[in-house]
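So the chains spell out like this:
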Amino acid sequence: MSAPSVVIAGCGDVGSRLASQLLASGWEVHGLRRDISRLPAGVIGIAGDLFNKDCPDTWPIGGVDYLVYCAAATDHDEAGYRAAYVEGLKHVLEWLGDYGQEPKHLLFVSSSSVYGQQNGEWVDETSETQAKGYSGQVMLEAEQVALNSGIPASIVRLTGIYGPGREWLLTQVRQGYRVAIDPPLYGNRIHADDAAGLLAFLLRHVEQGGSLDKVYIGVDDAPAPLAEVVAWLREYLGVTEWSEDASVRRAGSKQCSNARAKTLGWAPTYPTYREGYAAILKG
């Protein structure tokens, strides 16, 4: 039996981590990005631009068993989001059609920004989407493109991704970052390795004959008030002073649940921010 093949369209940080995990399981992995020299060893490069309607010359001509759409916007405005998530996905679907390729499943990597709950409510896949900003609204539009593609599709709404190279909060804490304590501003996060691990788990589940729901939330086990996370990091890092210009974040909050993914048997390697940030800081 031949190895299952997957195209990861937008093979950046999370996509590359996913690629490495699938390669270790014996999958054939094709990764699409502008600079294929940055792909992990063993990934078959597709040098291309999701923003360009023209199909890349190195698009695989054989069967494609799975598609993971894992793009990132380069311009952080509504037009940039639409180009990356809506138009880019449409381009990839057209390329599949050009080659008569019919994947078994499509995973579209979305965001918890589609949920606009403000008061610390628990949110799961059945919760109402209340996107307030353009980012969440465009994501919802792109999700519908995936679900209406004619390919069996699942949406994976990732929460705040952190990990090596994604250390904004650590930098802010070192500079004296402070946040409002009351009401608590709940944050949701997932380590980049766990984000990739969830995607790999879902693909393997389908390959082994399992079925998937239409939506999953990618988050660790313990949403926590941002003030708690900052306090823990301050103690861990030995930060004792507030900077004079420390920022104060005041925004809505929600608590996302990973119960649906865990019901399938998935579990994060870093179940809380403590394990995840400790791993980063220990290198």
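No experiment lies behind these values; they were computed from the predicted model shown. (Residues numbered from 1 in each chain as written. Predicted model: local features only at pLDDT ≥ 70, side-chain atom pairs only at ≥ 80, totals over all residues. Heavy atoms only, no water.)

When charged atoms on two side chains of opposite charge get close, those side chains can pair. This model, assessed by the stated rule, comprises 13 salt bridges. With a shortest N-O distance of 2.6 Å, Asp-193 and Arg-17 are connected by a salt bridge. Within this pair, whereas Asp-193 is found in helix α5 (residues 192-207), its partner Arg-17 is found in helix α1 (residues 13-24), the two being separated by 176 residues in sequence. Between Arg-82 and Glu-141 there is a salt bridge, with the nearest N and O atoms lying 2.6 Å from each other. Of this pair, Arg-82 sits in helix α2 (residues 78-98) while Glu-141 sits in helix α3 (residues 134-147); the two residues are 59 residues apart in sequence, bridging distant segments of the chain. With a relative accessible area of 25%, Arg-82 lands in the partly exposed category. What makes Glu-141 partly exposed here is its relative accessible area of 33%. (Salt bridge = Lys/Arg side-chain N within 4 Å of Asp/Glu carboxyl O. Helix = DSSP H or I, 4+ residues; strand = E, 2+ residues; numbered from the N terminus. Buried < 20%, exposed > 50% of the residue type's maximum accessible area, 1.4 Å probe, protein only.)

With 21 residues, α2 extends 29 Å from end C-alpha to end C-alpha; this agrees with the ideal 30 Å at 1.5 Å per step. Those residues of α2 lying buried are Gly-80, Tyr-81, Ala-84, Tyr-85, Val-86, Gly-88, Leu-89, His-91, Val-92, Leu-93, Trp-95 and Leu-96. At its buried positions, α2 is contacted by β1 (5-9), β2 (28-33), β4 (66-69), β5 (105-111) and α3. Looking at the residues trailing α2, positive phi occurs at Gly-100, about 65°. (Expected span 1.5 Å × (residues − 1). Contact = heavy atoms within 4.5 Å.)

This paragraph deals with the UniProt feature "domain: NAD-dependent epimerase/dehydratase" (unreviewed entry) in the chain. The feature "domain: NAD-dependent epimerase/dehydratase" (unreviewed entry), as annotated in UniProt, sits at residues 8-218 in this numbering. For the annotated span residues 8-218, helix accounts for 33% and strand for 23% of the residues, and the straight-line distance between the end C-alpha atoms is 18 Å. (UniProt positions renumbered as here; feature names shortened; annotations may be inferred.)

With that settled, the discussion passes to the side chain of Glu-143. Topologically, Glu-143 is positioned in helix α3. Take Glu-143: its relative accessible area is 2%, and that puts it in the buried class. In terms of polar contacts, Glu-143 uses its side chain to reach the side chain of Arg-157, at 2.7 Å. Every residue in contact with Glu-143, bar those within four places of it in the chain, is listed here: Phe-108, Ser-110, Val-114, Ile-155 and Arg-157. (Polar contact = N/O pair within 3.5 Å; in protein donor to acceptor, adjacent residues only side chain to side chain.)

Within the fold, Tyr-115 resides in the loop between β5 and β6 (119-123). Measuring from C-alpha to C-alpha, the distance between Tyr-115 and Ala-83 comes to 21 Å, with 32 residues separating the pair along the chain. Dropping the residues within four chain positions of it, Tyr-115 is found in contact with Val-123, Asp-124, Glu-125, Ser-127, Glu-128, Thr-129, Gln-130, Arg-157, Ile-217 and Lys-254. From its side chain, Tyr-115 meets the backbone oxygen of Asp-124 in a polar contact 3.3 Å long. A distance of 2.7 Å separates the side chain of Tyr-115 from the side chain of Arg-157, its partner in a polar contact.

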